[in-house]
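Structural overview for review
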Amino acid sequence: MENLDGLLKLDDERKLLSDAKTMQIFGLEGSPQHQITDDRIDNIADSPLSLSEKRMPKCVEPSEDDDNSEILLDTFVVGRRFGNDGELTVGAMIMLSRDPENVKDQNAIKVLTKDTDHNKELGYIPRELAQYLSPLIDKFHLRFEGHITSIPQHPHAVVPIQIYSSGIVSFGEKDSSSLQVFNSLRRNALSAAEFSQTHSPIPAKYQHNLLLLLKEVLNINGHLFTEGEKTLLEAFLSLSDDSQRLFARLYARKGPWFRMASISYAEICDYEEAVKGLSEAECVTLFESMDKLQNNDLKEVLNVLNVGELRDLISSLNKTHKKIAQNSDRGTRKQDYIARVLAAYQGGLCPNLTSMILGKTGRCIRISASAESVFWRAERLFFLNGEQDLSEFLLVDLGIVKYPAYNCIFTDQIFPDRSDLLSYEEAIEVAQIMDESLDENNNELVSRCVEISASNVSSFVEEDRSSHSGSMAAFLSCFSASWVYSKVILLGVSFLEHEQRFKEAINLLKLLLDKFKCDRRRGYWNLRLSVDLEHVGCLDESLEVAEKGLLDPWVRAGSRVALQRRVLRLGKPPRRWKTPSFSSSVKRKIVEVHVQGRPLNCKTGVKNVFYGEDGDRCGVEELALQYYAGEGGSWQGVHTESGIWLTIFGLLMWDVVFADVPNVFRTKFQTAPLDLETDSFYEVRRDLIEALLDKIEHGMAEELLIMSWESHVGTACRGVNWDKHSLSELRAAVTCIGGPCLASICRNLAQDYRSWSSGMPDLLLWRFRDDYRGEAKLVEVKGPRDRLSEQQRAWLLFLMDCGFSVEVCKVSHAPI
């Protein structure tokens with residue numbers, strides 16, 4: 001920790017974990033893509049989602065014993081309106097009223113008080129029951145009445161009611177189909193009501209999901225927590241429902257401080273007892289007196305006040321403290337007011353300032369630092385990244401995201417002991433600081449981060465994970481401190497190259513190549529080292545690095561092509577007299593097609609925009625599609641780059657991707673196995689993959705595609721985009737591409753997904769002949785000032801080897 005302490009001295013104001021749950025660490029962290037509000041959760045009547053099943057009543061088929069007798073049901077009023085406790089009484093009469101215009105549920109049924117003067121709306125019946133009662137009301141004209149059976153403690157909690165049909169439906173002898181429908185709806189309504197009795201629709205999703213997370217983490221990763229941390233977690237698990245629900249709510253909100261007076265949740269009955277339990281378990285900190293507040297908490301507490309309250313506070317101070325009044329004209333923003341209050345506090349101008357603040361805020365609560373730390377750690381261990389948090393459960397509960405089905409099989413620990421975890425977390429903190437420092441152009445802090453990372457990597461021994469099998473080490477390495485530090489160093493290389501400090505960049509690249517012998521990034525490291533050596537005039541060494549890199553089995557795809565081209569350019573006589581064997585392959589000519597377009601703009605550095613054949617504005621890719629659809633050969637196609645290929649790969653290889661392989665699935669919230677981007681993906685599943693590729697090669701791709709689409713449509717999977725490409729487009733593509741070519745591409749992606757999942761040609765074109773046999777063409781489109789990247793060139797050469805028809809379409813400005 002000495003390195004980190006030294007780093008922090010450069011910026012005393014910086015907080016490493018100011019908002020750990022939303023850290024954005026380059027390549028490691030990200031922000032949640034979906035925001036779930038408390039209001040949205042409260043509007044859901046379902047019970048919490050289990051990872052293994054969604055607990056819903058099953059539909060019941062009608063039987064011969066059914067009749068059309070009166071329907072009597074015990075259920076609840078949910079989504080209850082805000083009102084006074086005295087508005088409801090036990091036995092009060094109610095009635096149901098259909099709400100077909102409800103935008104959230106066309107089967108919605110309102111619960112009204114049955115009053116001759118005024119029918120007050122109380123809320124709704126549960127969604128699961130409404131789907132069966134609504135057709136009974138609409139089609140069979142049943143009326144439902146009832147009464148309140150008990151009053152809940154909380155004014156907004158669900159209200160137990162009993163309802164019954166107020167009439168009997170008569171059916172003629174010839175109307176057996178209607179009787180069958182009626183009896184089916186009746187029986188399913190009874191089933192749904194019984195289900196709601198045993199699965200109360202209290203909106204306690206946050207609590208349920210948090211408890212599930214904690215129990216699973218303690219079960220799998222208990223060895224990574226100290227006794228004190230385990231005690232805190234176990235104390236939390238033994239708390240009352242109210243305490244757990246309050247904590248779960250606060251943990252999901254942005255704080256850190258909250259006014260007790262502004263906290264109100266329908267599922268919490270006794271706030272005082274809830275807070276007391278959390279406080280005794282050391283899960284929360286309270287601000288209710290001066291001795292409860294730490295000096296560094298004051299600024300955060302002041303943030304709960306609005307501008308008007310801060311202005312009133314300063315006005316009160318001004319009446320007795322003229323020094324504050326002298327500075328009263330400095331800024332009118334909230335942060336300006338807070339700064340002036342803090343200045344008064346730090347200057348000791350007002351001894352009773354804390355009491356004055358408390359008078360404005362009232363009692364405040366926040367999650368304690370110890371609880372914040374241990375729960376954050378549990379969350380990271382559960383999701384294994386900084387991109388996901390508890391909202392993932394709710395995305396599933398709400399039906400926004402559907403994760404694939406697979407089995408989690410554990411035989412190895414990702415972090416063998418606590419020291420590994422702490423080292424990893426410290427590395428992430430340094431990476432976070434590096435990321436922020438680059439954004440803020442803080443060169444001093446950037447250099448310090450690189451220095452710390454280089455120091456740690458210098459002492460790294462790659463074989464230190466030998467306790468794992470060889471295939472395991474590859475995808476577990478990204479959870480090591482050394483891997484994170486290597487990311488920081490590579491960012492440092494880019495920074496130094498931008499500053500033209502090439503000698504320092506060269507030293508860092510040599511360090512990476514020396515310490516990480518089996519790393520898929522070695523191709524890029526070798527390429528940058530060769531380029532930087534050329535920048536400093538070391539042409540011979542630059543050539544040697546490029547040649548040596550071509551012998552490295554970890555140098556692949558675009559990096560390999562780039563190094564080959566460097567060897568050909570630098571290795572001319574007198575440096576080298578022998579022509580490399582790959583010369584003819586790299587120098588192969590790629591067919592070029594030239595298309596002219598009428599430009600809308602011609603500015604350098606601005607995306608090219610042209611007028612299409614229909615007169616509308618379009619980019620170079622759309623212009624090329626128009627050309628190929630017409631005089632270019634009547635092709636159909638899409639501008640997709642790698643998207644359609646990754647979608648096809650994901651669908652065809654679905655059962656392989658989600659096969660039962662130990663340790664690659666650690667949570668129920670993954671869209672791909674952990675080893676997808678490593679060599680172990682193909683090595684471990686070789687037999688499965690080759691058997692599937694054999695089917696694809698022999699013409700079964702379309703059948704496999706249709707089956708996969710129909711079985712998994714809408715399920716999240718890495719690379720699969722359900723919205724961008726229709727099934728008909730995908731079917732046409734795989735049919736026209738043909739089995740052998742398609743199998744070659746899938747094998748390439750399976751063997752090295754990371755290297756080949758980008759850079760594919762812009763356009764995929766296809767057309768059918770009279771015999772329904774088709775052909776395909778791949779086209780890379782380039783504007784007037786664009787040129788092929790090495791990755792794009794690598795793909796085009798590979799596709800040519802597979803037998804594809806490939807072209808480069810160069811779009812130029814038509815002469816005026």
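Keep in mind that this is a model prediction, so the values were computed, not measured. (Residues numbered from 1 in each chain as written. Predicted model: local features only at pLDDT ≥ 70, side-chain atom pairs only at ≥ 80, totals over all residues. Heavy atoms only, no water.)

**As for the packing of aromatic side chains**
Under the counting rule described, the total for this entry stands at 31 aromatic pairs. With 5.6 Å between their ring centres and 80° between their planes, Trp795 and Phe798 make a pair best called edge-to-face. Linking Trp795 with Phe798, this pair stays in helix α33 (residues 790–802), spanning three residues, or about one helical turn. Each of the two residues, Trp795 as well as Phe798, counts as buried. Members of the aromatic cluster, each reached through a chain of ring pairs, are Tyr406, Trp654, Phe658, Phe665, Trp709 and Trp722. Across the ring face of Trp635, the terminal group of Arg767 is positioned such that the distance to the ring centre comes to 3.9 Å. (Phe/Tyr/Trp six-rings, centres within 6.5 Å; stacked < 30°, edge-to-face > 60°. Helix = DSSP H or I, 4+ residues; strand = E, 2+ residues; numbered from the N terminus. Buried < 20%, exposed > 50% of the residue type's maximum accessible area, 1.4 Å probe, protein only. Lys NZ or Arg CZ within 6 Å of the ring centre and 35° of its normal.)

**A closer look at the environment of Ala427**
For Ala427, the location among the structural elements is in helix α16 (residues 418–439). Residue class for Ala427 comes out buried when judged on its relative accessible area of 0%. Separated by 26 residues in sequence, Ala427 and Ser453 have C-alpha atoms that sit 8.0 Å apart. Not counting the four nearest positions on each side in its chain, Ala427 is found in contact with Ala481, Val484 and Tyr485. (Contact = heavy atoms within 4.5 Å.)

**Here's the deal with the sheet that holds strand β10 (residues 592–599)**
If you walk across this open sheet you meet the seven strands as β12-β11-β10-β16-β15-β14-β13, and the pairing is mixed. Each end of this open sheet is capped by a strand with a single partner; those strands are β12 (617–618) and β13 (636–639). As defined by bridge partners, strand β14 (residues 763–768) adjoins strand β15 (residues 774–782) across six bridges and the pair is classed as antiparallel. Counterpart to Leu763 in the pairing with β15 is Val779. (Pairing = 2+ DSSP bridges.)

**Thoughts on the confidence of the model for the protein**
Across the protein, pLDDT averages 82, with 82% of residues at or above 70. Mean pLDDT across the elements of the protein bottoms out in helix α2 (residues 38–42) (41) and peaks in helix α27 (residues 654–657) (97). Low pLDDT, under 50, characterises residues 8–66; the stretch is placed with 147 contacts to residues that sit more than four places away or in other chains. Confidence drops under a pLDDT of 50 for residues 464–472, and excluding neighbours within four residues, the segment shows 13 contacts in the predicted structure. (pLDDT = per-residue confidence, 0-100.)

**A short note on the nonpolar core**
Membership of the largest hydrophobic core comes to 158 residues, with the highest contact counts inside it found for Phe236, Phe247, Phe375, Trp645, Ile696 and Phe804. Counting residues per element, this core draws most heavily on helix α19 (residues 481–498), which supplies ten residues. In this structure Ile696 touches Leu652, Ala701, Leu704, Gly739, Leu742, Ala743 and Cys746, once residues within four positions along its chain are discounted. With 28 residues, the next largest nonpolar core counts Ile109, Ala130, Phe182 and Leu185 among its residues. (Core = buried A, V, L, I, M, F, W, Y, C linked by side-chain atoms within 4.5 Å.)

**Re empty space enclosed by the protein**
Applying the stated criterion across every chain yields a total of six cavities of 30 Å³ or more. There is about 130 Å³ of room inside the largest cavity. If you go around the largest cavity, the residues you meet are Glu216, Val217, Ile220, Asn221, Leu381, Phe382, Leu384, Phe410, Ile414, Phe415, Arg666 and Thr667. When contributions to the lining of the largest cavity are tallied by element, the ones reaching two or more residues are α5 (205–221) and α14 (369–383). Ranked by the residues each element gives to the lining of the largest cavity, the list is headed by α5, at four residues. Class assignment of the residues belonging to the lining of the largest cavity gives a composition of eight nonpolar, two polar and two charged. (1 Å grid on protein atoms, 1.4 Å probe; cavity = no way out; pocket = protein on both sides within 12 Å on 5 of 7 lines; lining within 4 Å. Points joined across faces, edges and corners; volume = space filled by probe spheres on them. Nonpolar A, V, L, I, M, F, W, Y, C, P; charged D, E, K, R; others polar.)

**Here we look at the environment of Lys503**
Tracing the backbone through its elements, the reader meets Lys503 in helix α20 (residues 502–515). Here Lys503 falls in the exposed class, since its relative accessible area comes to 64%. For the pair formed by Lys503 and Leu533, sequence separation is 30 residues and the distance between their alpha carbons is 8.0 Å.

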